[in-house]
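Here's the letter readout for the chains.
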Amino acid sequence: MKYLLIVLVVAAILVLLEIWRELHCFQVTEYVIESQKLSGCREKKIVFLSDLHNHMYGKENQRLIEKIKEISPELILVGGDMLIGKRTSSYEPAMKTVKALLKIAPVYYAHGNHEQRMKEFPDVYNLYAYREYQKELKEAGVRFLENESVKEGNFRITGLEIPLKCYLHCRKGVLEPDEITSRIGACDKESFQILLAHHPSYMEEYKRWGADLILSGHYHGGVVRIPGFTGMITPAFEIFPKYSGDIYREGDTAIVVSKGLGTHTVNVRFLNPAELVVLRLRGKN
């Protein structure tokens, strides 16, 4: 019994040390995505960030910024939740980080639920008003995609905001079949269509819309992961989500769900390192 107790104590200490390590480090995850639509085009390198939640890797996020500089992307896509949508949480850490990204490559920013609720309920978040955050970043050069699209050569990038009522705890909400099209119009079938859609619960709806590449986040990798399988629980207390953090290839659609770079409220990661996603997009032979 004594030896069993010692083993349990040592195991608990090791688990706590690993949780601490994963909350203070991040890894680079690289995916290669090929498409006939990109045949004849040179490879394009894109960095995708999601769910930073004001997290800092070194002073003013220097470790994160230096790593992105080292990667040298042509484009940076932000998938939302860079800040924390709470009345007393400052947006300054997120704003400084996003501004620093502009010195590396053009930045396109789609909202997560934290930015969206701050935008839609300004009276609640008047201490750190979202309009001020967005205004300063727009003036610096960030392009926000709020149910909007932009063309970048052979690429069309679209940022989708679903209704806030779809962000529920313990269950999936209802996203009406025509809701996506009414917000962002039809998918561009001629271009390589990238869809930034923060919430991965509605992946079937996004796929029906027709994107070539869907980029999501929100689930923080499932908080605790079963290696080689999936995340165990989302921040909204959904168990074993299908799309918790990885690349999924379904027909002609590639789906990338970021495990995120930060946490909030439940500040735990286990067997689930934070990640910076690098996408290499190229033609298919």
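That block above? That's the structure.
Residues numbered from 1 in each chain as written. Predicted model: local features only at pLDDT ≥ 70, side-chain atom pairs only at ≥ 80, totals over all residues. Heavy atoms only, no water.

Peer 1: Summarise the overall build of the chain; cite the residues concerned and give the values.
Peer 2: Helices and strands together make up the secondary structure of the chain, namely seven helices and 14 strands. Over its C-alpha atoms the chain spans a radius of gyration of 19 Å, differing by no more than 12% from the 19 Å that the globule rule assigns to 285 residues. Taken across its 285 residues, the chain has 53% of its residues classed as buried. Pairs at least 24 residues apart make up 72% of the contacts formed inside the chain by residues separated by at least 6 positions. With the model as given, the accessible surface of the chain reaches about 13,300 Å², and the carbon-plus-sulfur share is 55%. For the chain, the separation between the mean place of its 38 positive charges and that of its 35 negative charges on side chains is 3 Å. (Helix = DSSP H or I, 4+ residues; strand = E, 2+ residues; numbered from the N terminus. Rg over C-alpha atoms; globule rule 2.2 N^0.38 Å. Buried < 20%, exposed > 50% of the residue type's maximum accessible area, 1.4 Å probe, protein only. Contact = heavy atoms within 4.5 Å. Areas by Shrake-Rupley, 256 points an atom, 1.4 Å probe, with all protein chains shown as cover. Lys, Arg positive; Asp, Glu negative; His and termini not counted. Charge placed at Lys NZ, Arg CZ, Asp CG, Glu CD.)

Peer 1: So what's going on with unusual backbone geometry? Residues and values would help.
Peer 2: In this structure, histidine 220 takes a positive phi of about 55° despite not being glycine. With respect to the secondary-structure elements, histidine 220 resides in the loop between strand E9 (213-216) and strand E10 (225-226).

Peer 1: Explain the packing of helix H3 (residues 92-101) against helix H5 (residues 130-140) residue by residue, including any values.
Peer 2: Between H3 and H5, the shortest axis-to-axis distance is 10 Å and the interhelical angle comes to 10°. Overall, the two elements H3 and H5 adopt an arrangement that is roughly parallel. Relative to H5, H3 is oriented so that their crossing is right-handed. Where H3 abuts H5, its residues Ala94, Met95, Val98 and Lys99 lie against Tyr133, Glu136, Leu137 and Ala140. Its residues assigned to classes, the contact of H3 with H5 comprises six nonpolar, no polar and two charged. (Axes fitted to C-alpha atoms, helices over the stretch in contact; angles between N-to-C directions. Parallel < 35°, antiparallel > 145°, perpendicular 65-115°, else oblique. Left-handed = near helix turned anticlockwise from the far one by under 90°. Nonpolar A, V, L, I, M, F, W, Y, C, P; charged D, E, K, R; others polar.)

Peer 1: Before we move on, could you go through a nonpolar patch on the surface and cite the residues and values that matter?
Peer 2: On the surface, Tyr3, Leu5, Ile6, Val9, Val10, Ile13, Leu14 and Leu17 cluster together to form a nonpolar patch covering roughly 820 Å² of accessible area. Secondary-structure assignment places valine 9 in helix H1 (residues 2-24). The exposure class of valine 9 is partly exposed, given its relative accessible area of 44%. (Patch = residues over 30% accessible without salt bridge, like charges linked within 9 Å, V, L, I, M, F, W, Y side chains within 5 Å. Salt bridge = Lys/Arg side-chain N within 4 Å of Asp/Glu carboxyl O.)

Peer 1: So what about the sheet that holds E9? Which residues, and what values?
Peer 2: The strands making up a sheet are joined through hydrogen bonds of the backbone, oriented either antiparallel or parallel. One open sheet holds the six strands; their spatial order is E6-E7-E8-E9-E13-E12, and the pairing between them is mixed. Pairing within the sheet leaves two strands with one partner each, and these edge strands are strand E6 (148-152) and strand E12 (246-250). This sheet shows a mean twist of 15° between the axes of neighbouring strands, independent of strand direction. Looking at chain direction, E9 and strand E13 (residues 253-257) are connected through four bridges and run parallel. (Pairing = 2+ DSSP bridges.)

Peer 1: Hey, could you go over the pairing of strand E14 (residues 274-283) for me, with residue numbers and the actual values?
Peer 2: Burial within E14 is extensive, with eight of its 10 residues counted as buried. Note: strand E1 (residues 26-35) against E14, 10 bridges, orientation parallel. Across the sheet, residue tyrosine 31 finds its bridge partner in E14, namely leucine 279.

Peer 1: If you had to explain the nonpolar core to someone new, which residues and values would you point to?
Peer 2: Core analysis: the biggest nonpolar cluster contains 33 residues, and Leu49, Leu64, Tyr109 and Tyr133 have the highest contact counts within it. Broken down by secondary-structure element, the contributors of at least two residues to this core are strand E2 (44-49), helix H2 (62-71), strand E3 (75-78), H3, strand E4 (107-109), H5 and E14. Tallying contributions element by element places H3 first for this core, with five residues. Ignoring sequence-local partners within four residues, the contact set of tyrosine 133 consists of Met82, Leu83, Tyr91, Ala94, Met95, Val98 and Tyr109. Tyr31, Tyr108, Ile157 and Ala254 belong to the second largest nonpolar core, which has 24 residues in total. (Core = buried A, V, L, I, M, F, W, Y, C linked by side-chain atoms within 4.5 Å.)

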